[in-house]
Amino acid sequence: MIALKRDRGALVLSFVLPLAFFSIFATIFGRSGGGTPTVKLIVVDQDHSQASRALVKGLTNESSLVVMTKPEAKSKNAPAPADYTAATAEAAVKAGDAPVALIIPEGFGQHPIAFGPDSGGSTLELLNDQSDAIAPQIVVGLLQKAAITSMPSTMADEGMKYADKYVGGFTPAQKAKVDEGLKALREAEADGKAGAGSGSSGNGSSENAGAGIVAVNERAVVGENKKSPMISFYAAAIGVMFLMFTASGSAGALLDEAESGTLERVLSTRVTMTSLLAGKLVFNTGLAFVQLVAMFLWGWAVFKLDFFSHLPGFAVMGLCTAFAVAAFGMLLASLCHTRAQLGALSTLVILIMSSVGGSMFPRFLMPESLQKAGLLTINAWAIDGFTKVFWRDLPVTDLWPQVAVLLGVGVVLFVVARRVARRWEYT
Amino acid sequence: MRASRQETETGTALEVDGLVKRFGDLTAVDGVSLTVRAGECLGLLGPNGAGKSTVIRSMVGRVILDSGRVMVMGQAAGSTAARMALGWVPQELSIYPRISCRENLGSFGRYYGLKGQALKDAIAWCLHWAALEEKQNDVAKTLSGGMKRRLNMAAGMLHRPKVVLFDEPTVGVDPQSRNRIFEMIEALRDAGTAIVYTTHYMEEAERLCDRIAIIDHGRIIAEGTKEELVEGTFGRRSQVLARFAGETEAIEAWAKRHGGRVTTETAEFTIEQAGEIAPLLDDAKKAGLELVDLSLKRPNLESVFLHLTGRELRD
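An account of the accompanying structure is given in this report. Along each chain, the written sequence defines residue order, and numbers are assigned to residues from 1. Chain labels run from A onward and ligand labels from 1 onward, assigned in the order the entries are written. Reporting in this predicted model follows two pLDDT cut-offs: at least 70 for local features of residues, and 80 or more for side-chain atom pairs to be given and counted; totals over whole chains, interfaces and linings ignore these cut-offs and use all residues. Side-chain measures here rest on the full set of heavy atoms in the structure, leaving out hydrogens and waters.

1. Here's the deal with the nonpolar core
A general tendency of soluble globular proteins is for nonpolar side chains to be buried together. Note on terminology: a nonpolar core comprises buried Ala, Val, Leu, Ile, Met, Phe, Trp, Tyr and Cys residues joined through side-chain atoms within 4.5 Å. Note on classification: 1.4 Å probe, protein chains only; a residue is buried when its accessible area is under 20% of the maximum for its type, exposed when over 50%, partly exposed between these limits. One finds A:Phe296, A:Ile378, B:Phe166 and B:Tyr197 to be the most contacted residues of the largest nonpolar core, which totals 107 residues. Each helix is a run of DSSP H or I of at least 4 residues and each strand a run of E of at least 2, with the numbering of both proceeding from the N terminus. The element best represented in this core is helix α12 (residues 311-335) of chain A, accounting for 14 residues. Pairs of residues are marked as contacts when any of their non-hydrogen atoms sit within 4.5 Å. In this view, A:Ile378 contacts A:Met244, A:Ala324, A:Val325, A:Phe328, A:Met353, A:Leu406, A:Val409 and A:Leu413; residues no more than four positions away in its chain are not counted.

Here it is in C-alpha cells:
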C-alpha cells in the first residue's frame, strides 16, 4: 500500500487503465462513436437499365455503405480509372480493397424482382471475403431495402404482372387507372423524388438471400477453400498482443539492471548504451519471433492452420512484427522508473492498442473512426500483413506497406528509446 | 600513444587533476587531484557525503565533469581504452542473482570483449583468485554474503585491469571473509595493479593502503602515508582523550582554555609530555568537572581522521 502510494505513476495508471478500457468498449459496442460500421461495396452495373441505375442509386444513398463503381484515382492529376468489371471487382475483393462486390447482370432490368422462389427474376451476384462475416449480411439486407424503396414503379409493374397471372387481370377501367398511377411513379423516379432510400443505418440481413424480392447469389472469392477460416486471423491477433506483453516484460530487465546497479557496471565495460540496447533489441526480436513461430505451429498442429505453405510470408511478417514489438517494449521500459510503472503502463498501452488495433475483435466491426485510429497501432499493421499471407494468399511483394510501416515504427521507437535511456548513462 | 609511454615512464597509472563536479548549487567535488602508481594502493577516506562516490564514478567515466580531467593509463576516463584498463568493484552487489558464478563471470567477460579460450582462462583465474572454484556452478543468490562479495570483485577482474577501484568491498562481510578479501587485494597489488580503495573501516586502510587521501566537503584535506598523515597532523605530540560528567558548556569552555576541543562527547588534547596532564585535570576539578575516563595514546589514522573532519569515519 505504502509502495503503491509512493509510486504515483503506478497509482494513476491503476485508475486510468479501467477507465480507458471501458471507454473503448463503450465506443465500439455502445455505438457512441458512429453507429453501424460502414461497409465498402464495389458495384458493377452490367445492365445499365433504369432499374439497375435506380438500385445503384438506392445503395449509394445508404449511409452504412460506401459504394464504389470504380477504383480510387492514385493521384489528383491521374486520369480517372475505368469502372470496375466483374473480373476487376473480384480481384479487388481478393486484394482486400473491399469486403463485398455486387454484380448486377445484364438483363436485370427486364425482371428485377421476384416474389418468391422460381419466379423468374434476375439473380445478382455478391462476391465476398469470408474473413468479414458481417459485411455481406449488411449488404444483402440493405440491397432488399434499396430494391423496395428505389424502384417503386418496377415493384408496381411486377405486381400487376402477378395479378394478371394469378388473379385473372383487371378490367380496362382498372387497368387505365393503374397505368396512370405507374406513369406518375416513373415520373417521380425520374425527378428523383422516389427511391432515395431513407439513409438510415438499418441493420437488416437476410438468412437466405434468394428468398428476398431481389435474388442474390453469394460467392466467397477469398477463403473459400480454407479449412479453418479465422484461425490465421486469431493466431496473428492474439499472437501480436502477447508478443507485446512479452517484449515489454523482457525489456523490463533493463529496469532490474538499473535498480541493482548491474547496468551501471555493464556500462563501465566495453559496452556502450547504444550497443547494449541494440543487443537487447536483437534478443527481444528473436524471442518475439520464436513466440510467433510457436503460436502458428500450435495453430497448424491443433487447428489445421496452413502454416508450411506460407513460410516465406510468415518469416517476413514475423520478423518485422517481432522487431517493431521489441522496439516498442524497449521504449516502454526506458520511459519507466520502476517495474510497477512498467507493468501499469504496458498493460494500459497494450490493451488499448490491442482493442483498437484488432487483436481482440476484428476492426471491420468497429466504427469508421476507430478503424482509422487502429492504423496507429502495431497490431493493425501486423494483423493486416498476416491476413494477406494466410488469408488472401498474396505474394511476399504485396506485403511492402506493412513491412515498411513496421520496420519504420521499430526504428523510430528504438531511436526514441535510446534517447530516453541517456538518463542511465551518466551520474 | 605518447601519453601511454609517459605513464609507463613515470609509473602513474591513474591521474585525477583539478576535478570539479557540481549538482545544481552543490559542489560535490571541488578541485580534487590525485595520482596512483602501478603496484600502489591509495585509500580514499571520507565521511558520508564527502564526495568519494563522485570521485570514484569520475574515474570510471560515468560523470560529466564541470572541469578537470581523469586519465587511466594515459587515456581519458570513459574512453574504450580507459574502460579496458580499469576494473570497478561497486559497493552494491552488481551481479546477476539468478545465474551461477561461472555464468556471471562469463557474462561480464563477454562485456569486456573476451571469448573462446581467453574467456575460459579469465573465468578460471577469477574463480581461483576469489576462491570460488567449488561454488562455480552455484546460483549467485544462494551464496553466503562473503562469497557474493568475492564474486562481485571477481566480476571486475576478468579483463585483468591495470587499475582497480574498490568501493567499500567488505560491507556486511564477516571477519573471516574479510581476511580473504584482504588477501585477494594484496595479491593484486603485489602483481603491480594500481588500486583505489574506499572504506569505512580504518583498520582496512591501515593494512592495505600505501597512501591515504582524506576527502571532506569535496576536497582532499590531507594525503600521504599513514606516518606522514600522523606526523603532519600531530607532530610528535600524543593525544589525551578525557570524558567528564558535567554540563557540556562547562566542558567545552574548559577544553577551549587548554587548546583542546570536544568531539563526540570526548574532550581531546594533544600534549608533548605526560607531565602536561596533571595541570589540565587540576583545572577541570576547579571548573567542577568530574572525570569519568582518561586515556593517553599515540595518534593513529583514526585520530587523524577525527581531528581533521571532526567526525568518526563510520558516521
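Now, onward.
2. Topic: the side chain of B:Gln239
Residue and element names in this part refer to chain B. Here Gln239 shows up in strand β11 (residues 238-245). The term polar contact refers here to a pair of N or O atoms within 3.5 Å; inside protein, the definition further demands a hydrogen-donor-capable atom paired with an acceptor-capable atom, and it admits residues adjacent in sequence only when both atoms are side-chain atoms. Engagement of the side chain of Gln239 in a polar contact is seen with the side chain of Glu268, the distance being 3.3 Å. Discounting residues that sit within four places of it in the chain, Gln239 has contacts with Phe234, Glu268, Phe269, Thr270, Ser295, Leu296, Lys297, Pro299 and Ser303.

3. Here we look at the pairing of β11(B)
All names here are of chain B. Two strands are said to pair when DSSP picks up at least two bridges between them. Summarising the sheet, β11 and strand β13 (residues 266-271) pair through 5 bridges and their orientation is antiparallel. The residue bridging Gln239 from the neighbouring strand is Thr270, located in β13. Sheet analysis places β11 next to strand β14 (residues 290-297), joined by 7 bridges and oriented antiparallel. Residue pairing for β14: Phe244 is matched across the bridge by Leu291.

4. Examining the sheet that holds strand β8 (residues 194-198) of chain B
Residues and elements named next belong to chain B. In spatial order, the strands read β6-β7-β8-β3-β9-β10; together these 6 strands make up an open sheet with mixed pairing. For this open sheet the edge positions go to β6 (86-89) and β10 (219-224), each flanked by a neighbour on one side alone. With strand direction ignored, the average angle separating the axes of adjacent strands in the sheet is 15°. For strand β3 (residues 41-45) and β8, the ladder comprises 4 bridges, and the chain directions are parallel. Looking across to β8, one finds that Gly43 is bridged to Tyr197. Together, β3, β7 (163-167) and β8 form the strand contacts of helix α7 (residues 175-190), whose direction differs from that of β8 by roughly 150°. Every axis in this analysis is a line fitted to C-alpha atoms, fitted for helices over the stretch in contact. Angles between the N-to-C directions lie between 0 and 180 degrees.

5. Thoughts on the interface of chain B and chain A
With 26 residues of chain B in contact, the opposing surface of chain A contributes 17 residues. Two parts placed together each lose some accessible area under a 1.4 Å probe, and adding up what both lose gives the buried area. Counting the surface lost from both chain B and chain A, the interface buries some 1,900 Å², and carbon and sulfur atoms represent 53% of this. If you sort the residues of chain B by the area they bury against chain A, B:Arg62, B:Arg83 and B:Tyr111 come out on top, with a joint share of 38%. Each salt bridge in this description consists of a side-chain nitrogen of Lys or Arg and a carboxyl oxygen of Asp or Glu lying within 4 Å of one another. Viewed at the interface, chain A and chain B are joined by 2 salt bridges. Across the pair B:Arg57 and A:Glu264 runs a salt bridge, and its minimum N-O distance is 2.6 Å. Counting across the chain B and chain A interface gives 11 residue pairs in polar contact (both at pLDDT 80 or more). For the side of chain B that touches chain A, the elements supplying multiple residues, two or more each, are α2 (52-60), α3 (80-85), β6, α4 (101-111) and α6 (145-154) of chain B. A per-element tally of the side of chain B that touches chain A places α3(B) first, with 3 residues. Split by residue class, the side of chain B that touches chain A holds 16 nonpolar, 6 polar and 4 charged. Asp, Glu, Lys and Arg are counted as charged, while Ala, Val, Leu, Ile, Met, Phe, Trp, Tyr, Cys and Pro are counted as nonpolar; the rest, among them Gly, fall into the polar class.

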